[in-house]
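Below, each chain spelled out in residue letters.
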Amino acid sequence: MMTLQTSFGDSTLNGVRVLGDPVPGQREILTPEAIDFLAALHRAMEPRRRELMGLREERRDRIAGGATLDFLPETRKVREDASWHVAPLAPGLKDRRVEITGPVDRKMTINAMNSGARGWLADFEDSSTPSWENVIAGQVNLRDAIRGTISLSAGGKEYQLNGEALTDHPTINVRPRGLHLMEDRIEVDGSPVSGALTDFALYFFHNAKELMARGRGPYFYLPKTESHLEARWWNCVFVRAQDLLAVPQGTVRATVLIETITAAFEMEEILYQLRNHAAGLNAGRWDYIFSIIKTFRDRGADFVLPDRSEVTMTQPMMRAYTELLVRTCHRRGASAIGGMAAQIPSRKDAEANAAALEKVRADKSREAGDGFDGSWVAHPDLVPVAMEVFD
């Protein structure tokens with residue numbers, strides 16, 4: 001175990017410990033000021049985060065005991081009030097036709113920024129193993145990409161950004177880890193900090209003002225959200241973070257992944273809680289299917305789904321979910337972002353490549369026809385395919 005020293009190595013920061021061996025870039029990212037910022041957010045927000053995790057368990061227990069899901073009666077007024085809307089679309093978020101997704105390793109960062117997509121989901125979550133090296137390196141890579149200084153020599157190739165201005169590249173939307181995951185390598189007052197708060201705080205601290213100066217802003221995707229109360233928690237984080245760094249309120253924007261069955265019944269309320277910081281909702285189809293399985297796993301044969309390949313987006317339950325998402329977003333002035341096509345193109349097998357591209361084209365055509373404002377792809381070669389559909 002090591003204790004975090006100030007940049008001059010003369011004292012230990014009050015109440016904060018960093019565990020494990022140091023990794024490249026750690027001193028640049030875990031500065032005393034950044035740690036103070038993270039610790040302040042943790043002390044303010046961790047008690048409520050724990051309460052919210054308890055509420056998740058209570059709801060799961062009720063469903064296991066026979067309870068069902070429905071729209072909340074206590075928030076009916078929010079759903080029926082047609083007067084409220086989310087904040088206007090922020091710089092870089094007005095055109096979201098195609099967004100590429102991927103982890104924040106250095107090569108992927110450069111390739112995503114050069115992809116020609118309108119946005120990049122910079123992922124600390126599902127596609128990124130949260131090793132300490134990845135957590136720190138991801139922050140270094142994002143910092144360098146925003147400032148235009150990122151490059152890489154690997155495998156006999158040189159990788160660097162095309163174009164000079166940040167606005168020449170896809171808009172960065174960082175996806176932190178889910179609220180249920182902890183960052184055990186940082187302790188504040190003897191307790192580990194939340195992985196979600198760690199990813200958010202370090203990115204926001206180092207980049208919020210730099211992004212604003214370069215014509216963008218600190219934008220996020222919020223994963224694994226299960227209720228509007230969790231959206232309220234995030235809104236409180238945004239408000240406090242902006243106050244602490246003297247960033248104007250409403251600068252942060254967040255797109256919430258609707259990838260749990262419980263959140264699907266609270267889409268209006270989620271946007272309402274985040275309305276001054278809301279950018280949109282995303283249809284996270286694969287996790288949504290998993291959420292149904294997990295939520296109703298104790299309810300017997302009536303809740304067993306067929307093989308995943310048969311639970312397509314044309315199935316009634318999936319269409320109901322996506323149609324409500326699009327309708328909700330457009331009613332409230334938010335962007336509706338479609339999901340991920342599972343196919344990956346092949347540069348070595350022309351026949352397999354053509355088949356993959358056709359499946360992606362069909363999937364994106366369905367989404368565009370359903371009214372989505374944009375969608376996700378996982379590979380740069382799929383950007384022009386999806387862009388053609390949404391054009």
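As the structure is a prediction and not an experimental result, all values here were calculated from the model.

A. Quick peek at helix α11 (residues 316–332). Compared with an ideal rise of 1.5 Å per residue, which puts 17 residues at 24 Å, α11 spans 24 Å between its outermost C-alpha atoms and is within 8% of the ideal. Of all the residues in α11, the buried ones are Met318, Tyr321, Thr322, Leu325, Val326, Thr328, Cys329 and Arg332. The buried residues of α11 all sit within an arc of 165 degrees when viewed along its axis, so they share a single face. Along α11, the residues that are exposed and aim more than 90 degrees away from the buried face are Pro316 and Arg327. Immediately downstream of α11, the backbone of Gly333 shows phi near 85 degrees, a positive value.

B. Structural detail: helix α7 (residues 228–244). Here α7 is 17 residues long and its end C-alpha atoms lie 24 Å apart, about the 24 Å a rise of 1.5 Å per residue gives. Those residues of α7 that fall on the buried side of the exposure criterion are His228, Glu230, Ala231, Trp233, Trp234, Asn235, Val237, Phe238, Ala241 and Gln242. Of the surrounding secondary structure, the elements contacted by the buried residues of α7 are α2 (32–64), α6 (195–213), β9 (219–222), β10 (253–258) and α9 (267–273). Where α7 begins, the capping side chain belongs to Ser227, and its oxygen is found 3.3 Å from the backbone nitrogen of Leu229. Count one or two residues on from α7 and you reach Ala246, which has phi positive near 55 degrees.

C. Spotlight on the packing of aromatic side chains. The full count for this structure, using the stated rule, is 15 aromatic pairs. When the ring of Tyr221 is compared with that of Trp376, the centres are 5.5 Å apart and the planes differ by 80 degrees; the resulting orientation is edge-to-face. Of this pair, Tyr221 sits in strand β9 while Trp376 sits in strand β13 (residues 374–377); the two residues are 155 residues apart in sequence, bridging distant segments of the chain. Considering the side-chain rings of Trp234 and Phe238, the 5.8 Å spacing of their centres and the 35 degrees angle between planes classify their relative orientation as tilted. Taken together, the residues span about one helical turn, with Trp234 and Phe238 both in helix α7 at a distance of 4 residues. Taken individually, Trp234 and Phe238 each receive the classification buried, so the pair is uniform in this respect.

D. Here's a closer look at the side chain of Asn353. Take Asn353: it is sitting in helix α12 (residues 350–370). For Asn353, the side chain forms a polar contact with the main-chain nitrogen of Ser346, separated by 3.1 Å. Ignoring any residue separated from it by four or fewer positions in sequence, one finds Asn353 in contact with Pro345 and Ser346.

E. Here's a closer look at the sheet that holds strand β7 (residues 182–188). Ordered in space as β1-β7-β8, the 3 strands form an open sheet in which the pairing is antiparallel. Among the strands making up the open sheet, the edge pair consists of β1 (16–18) and β8 (191–194). Across this sheet, the average inter-strand angle for adjacent strands is 50 degrees, counted without regard to direction. In this structure, β7 lies alongside β8, joined through 4 bridges in antiparallel fashion.

F. Up close: unusual backbone geometry. Phi angles above zero are rare outside glycine, and Lys224 is one such case at about 55 degrees. Topologically, Lys224 is positioned in the loop between β9 and α7. Classification of Lys224 by relative accessible area gives buried; the value is 16%.

G. Fine view of the sheet that holds strand β11 (residues 278–283). Strand order in the closed barrel made by the 8 strands is β2-β3-β6-β9-β10-β11-β12-β13, with parallel pairing throughout. This sheet shows a mean twist of 25 degrees between the axes of neighbouring strands, independent of strand direction. Note that β11 and strand β12 (residues 335–340) share 3 bridges and pair parallel. Residue pairing in the sheet places Gly280 in a bridge with Ser335 of β12. Each of β10, β11 and β12 is contacted by α11, which is oriented at about 170 degrees to β11, the strand it contacts most.

H. Broad picture of the confidence of the model for the chain. Looking at the chain, the pLDDT average stands at 94 and 96% of residues meet or exceed 70. Of the regions scoring below 50 in pLDDT, residues 1–12 engages in 25 contacts with residues more than four places distant in sequence or in other chains.

I. Broad picture of the pairing of strand β4 (residues 151–154). Across 4 bridges, β4 lies against strand β5 (residues 157–160) in antiparallel orientation. Looking across to β5, one finds that Ser151 is bridged to Gln160. The antiparallel pairing of β4 with β5 creates a hairpin that spans 2 residues between the two strands, and Gly155 there sits at a positive phi of about 60 degrees.

J. Quick peek at the pairing of β13. Covered by surrounding structure in β13 are Gly374 and Trp376 together with Ser375 and Val377, the residues of both alternating faces. In the sheet, strand β2 (residues 98–103) pairs with β13 via 3 bridges, with the strands oriented parallel. Looking at β13, one finds that Val98 is bridged to Ser375. Here β12 pairs with β13 via 2 bridges, running parallel. Bridging from a neighbouring strand, Met340 pairs with Trp376 of β13.

Thresholds applied
- Residues numbered from 1 in each chain as written.
- Predicted model: local features only at pLDDT ≥ 70, side-chain atom pairs only at ≥ 80, totals over all residues.
- Heavy atoms only, no water.
- Helix = DSSP H or I, 4+ residues; strand = E, 2+ residues; numbered from the N terminus.
- Expected span 1.5 Å × (residues − 1).
- Buried < 20%, exposed > 50% of the residue type's maximum accessible area, 1.4 Å probe, protein only.
- Arc of directions from axis to C-beta.
- Contact = heavy atoms within 4.5 Å.
- Polar contact = N/O pair within 3.5 Å; in protein donor to acceptor, adjacent residues only side chain to side chain.
- Phe/Tyr/Trp six-rings, centres within 6.5 Å; stacked < 30°, edge-to-face > 60°.
- Pairing = 2+ DSSP bridges.
- Axes fitted to C-alpha atoms, helices over the stretch in contact; angles between N-to-C directions.
- pLDDT = per-residue confidence, 0-100.

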